[in-house]
Amino acid sequence: MDLTVTAALPALPAIEPGWQRALRADRGLLFDIHHAIGGPFHVVHPPRFAANLRAFQDVLTRHEVRGQVYYGKKANKAGCWLAVAADLDAGVDVASEPELVHALAHGVRGRDIGVTGAAKTDALLRLAARHGCLVAIDALDELERAAEIARTAGRLRILLRRLPPGAPHSRFGSSDADLERALDRCVELREHLELTGFSFHLDGYAVAPRAALAHDTIEWCTRARVRGLPATAISIGGGFACRYLRDEDWAAFTRDRRDDWFHAGRQFEKFYPYAQDPTGAAMLDAVLTEQFRGRTLAERLRTADIALLLEPGRALLIDAGFTVFPVLGFKQNADYGITTAHGLSMSVSEQWKGSEFLPDPVLIPRIADPEARPVASCVGGASCMEYDVLTWRKVVLSQRPRPGDLLLYPNTAGYQMDKNESGFHQLPLPPKIVVTGAEARWQWRLDR
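As the structure is a computational prediction, the values presented were derived from the model and not from experiment.

A count of helices and strands for the protein chain gives 14 helices and 19 strands. Compactness check: the protein chain gives a C-alpha radius of gyration of 24 Å against a globular reference of 22 Å for 448 residues, within 12% of the reference. Split into buried and exposed, the 448 residues of the protein chain put 54% on the buried side. Long-range pairs, those at least 24 residues apart, make up 73% of the contacts in the protein chain with a sequence separation of at least 6. Of the accessible surface of the protein chain, which amounts to about 18,800 Å², a share of 51% is contributed by carbon and sulfur atoms. The centroid of the 54 positive side-chain charges in the protein chain is displaced by 2 Å from the centroid of its 55 negative side-chain charges.

Okay, here's the thing in structure tokens:
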């Protein structure tokens, strides 16, 4: 291997939480899990999820703002997160009947479940009404269907979802004109519909636009109250930023990026911003302290007695899981190699959104080579498709991969693990392994 090649490639080591470093150091445990599973698997750690969730709740408490954190369930299908949410009196955001039933089955109360998404099925609306869930109504026709269902299923708690002024072509939310008509209908339908408030969701991870739209949405609550409607809450959705890499590594990569760093010169239009600030609960704190006409959002919420609802997904899962792919083989290809993993790139979702999951995978050799020299490699999946590639970027591995070694992809719990997984080639989906530390030793089980 030409060492000048590996030296010229950028390193993007993931920021690893302590639990992952400790578990990775216990090499025997990962190989034992692989022996039991026989293929790729995901590792998830509920205590980290709990810590992330508490951090959001603590921000609301510190600002004396009433509110509720709804875990955005679409970010990861594991059931273990739901039990944590139930134990911590948090909510869960769902968009389908199976998701709603899954949340109920893990102890989440119906009144703590938010139902979002585009036009919902009648069955989903009926189930939500029966269990007292909070439903974000996306359009006028959905409002009418919801009212009709509520006549027999029970009074339905709703939010009216706003079309963001800065995203007029979004397929989600109602225009201001439709919101005015919806308020009139909510007055007429108050026997069947309880207008709890308004909601919105913004793309991107900027603080100021969220705070500005939240300030503006308080005004809509005032308009609703003038009509005699309760309007006691606003939801600002999700989109809370996360950090995967150190600033200096991310800055160097984005500044110096070259096509020849990628297999076959693959080009990508954009990447997730893997290093950004503020993130997670700190971003919520920044939103609450953003001022409008000399008053912070937190002050206005307290004065108006309006609860703040939020729907973080990735931000509750950051540092809470990783994915392991067994190595099937390695071949040298000119000045770099191609590692083939047991598994499919559908289990690293970013590749299927026209982008790349950039934090470096970590090679865990079954047998350490005392004379090991680093090698450059991309990573392909086990399918017969040319584009089944887990890592197009040429990454530097500690030694030449061999069959039976493991490749660990860090920090994949948020959206990466299962958003696009498929049983292609009739391969089973990688199971989720729940790990916890008890009495100074690791314990693991299959997620239920």
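With that settled, consider the nonpolar core. Ranked by size, the top nonpolar core spans 120 residues in total, and within it Leu160, Leu288 and Leu308 carry the most contacts. When residues in this core are grouped by element, the largest group, eight residues, is from helix α10 (residues 207-226). Residue contacts for Leu308: discarding those within four places in its chain leaves Leu60, Val65, Arg66, Gly67, Gln68, Ile234, Ile236, Leu284, Leu288 and Leu301. Formed by 15 residues, the second largest nonpolar core is a distinct cluster that contains Trp19, Leu30, Ile33 and Val324.

With that settled, the discussion passes to the sheet that holds strand β7 (residues 193-199). Taken together, eight strands build a closed barrel; the order of strands is β2-β3-β4-β5-β6-β7-β8-β11 and the barrel is parallel. The average undirected angle you get between the axes of adjacent strands in this sheet is 30°. Examined bridge by bridge, strand β8 (residues 233-235) and strand β11 (residues 307-310) share three bridges and lie parallel to one another. Residue pairing across strands places Ile234 opposite Leu308, the latter belonging to β11. Strands β4 (113-115), β5 (134-137) and β6 (156-161) of the sheet are contacted by helix α7 (residues 122-131), whose axis makes an angle of about 125° with β6.

A word on the UniProt feature "domain: Orn/DAP/Arg decarboxylase 2 N-terminal" (unreviewed entry) in the protein chain. This chain's UniProt record puts "domain: Orn/DAP/Arg decarboxylase 2 N-terminal" (unreviewed entry) on residues 52-251. Between the C-alpha atoms that bound residues 52-251 there is a distance of 26 Å. The span itself is 45% helix and 16% strand.

Take the pattern of salt bridges next. Taken as a whole and judged by the stated rule, the model has 30 salt bridges. The shortest N-O distance in the salt bridge between Asp112 and Arg109 comes to 3.0 Å. Relative accessible area serves as the criterion here: at 9%, Asp112 is assigned to the buried category. The class of Arg109 is partly exposed, set by a relative accessible area of 34%. One network of salt bridges, in which partners are shared, links Glu180, Asp184, Arg223 and Arg227.

Attention now goes to the side chain of Ser383. Inspection of the secondary structure assignment puts Ser383 in the loop between β15 (375-380) and β16 (389-397). Here Asp388 takes part through its side chain, which lies 2.7 Å from a polar atom of the side chain of Ser383.

With that settled, consider helix α3 (residues 27-37). Within the sequence span of α3, burial applies to Leu29, Leu30, Phe31, Ile33 and His34. Two residues or fewer past α3, Gly38 is found with a positive phi of approximately 90°.

Cut-offs used in this document
- Residues numbered from 1 in each chain as written.
- Predicted model: local features only at pLDDT ≥ 70, side-chain atom pairs only at ≥ 80, totals over all residues.
- Heavy atoms only, no water.
- Helix = DSSP H or I, 4+ residues; strand = E, 2+ residues; numbered from the N terminus.
- Rg over C-alpha atoms; globule rule 2.2 N^0.38 Å.
- Buried < 20%, exposed > 50% of the residue type's maximum accessible area, 1.4 Å probe, protein only.
- Contact = heavy atoms within 4.5 Å.
- Areas by Shrake-Rupley, 256 points an atom, 1.4 Å probe, with all protein chains shown as cover.
- Lys, Arg positive; Asp, Glu negative; His and termini not counted.
- Charge placed at Lys NZ, Arg CZ, Asp CG, Glu CD.
- Core = buried A, V, L, I, M, F, W, Y, C linked by side-chain atoms within 4.5 Å.
- Pairing = 2+ DSSP bridges.
- Axes fitted to C-alpha atoms, helices over the stretch in contact; angles between N-to-C directions.
- UniProt positions renumbered as here; feature names shortened; annotations may be inferred.
- Salt bridge = Lys/Arg side-chain N within 4 Å of Asp/Glu carboxyl O.
- Polar contact = N/O pair within 3.5 Å; in protein donor to acceptor, adjacent residues only side chain to side chain.

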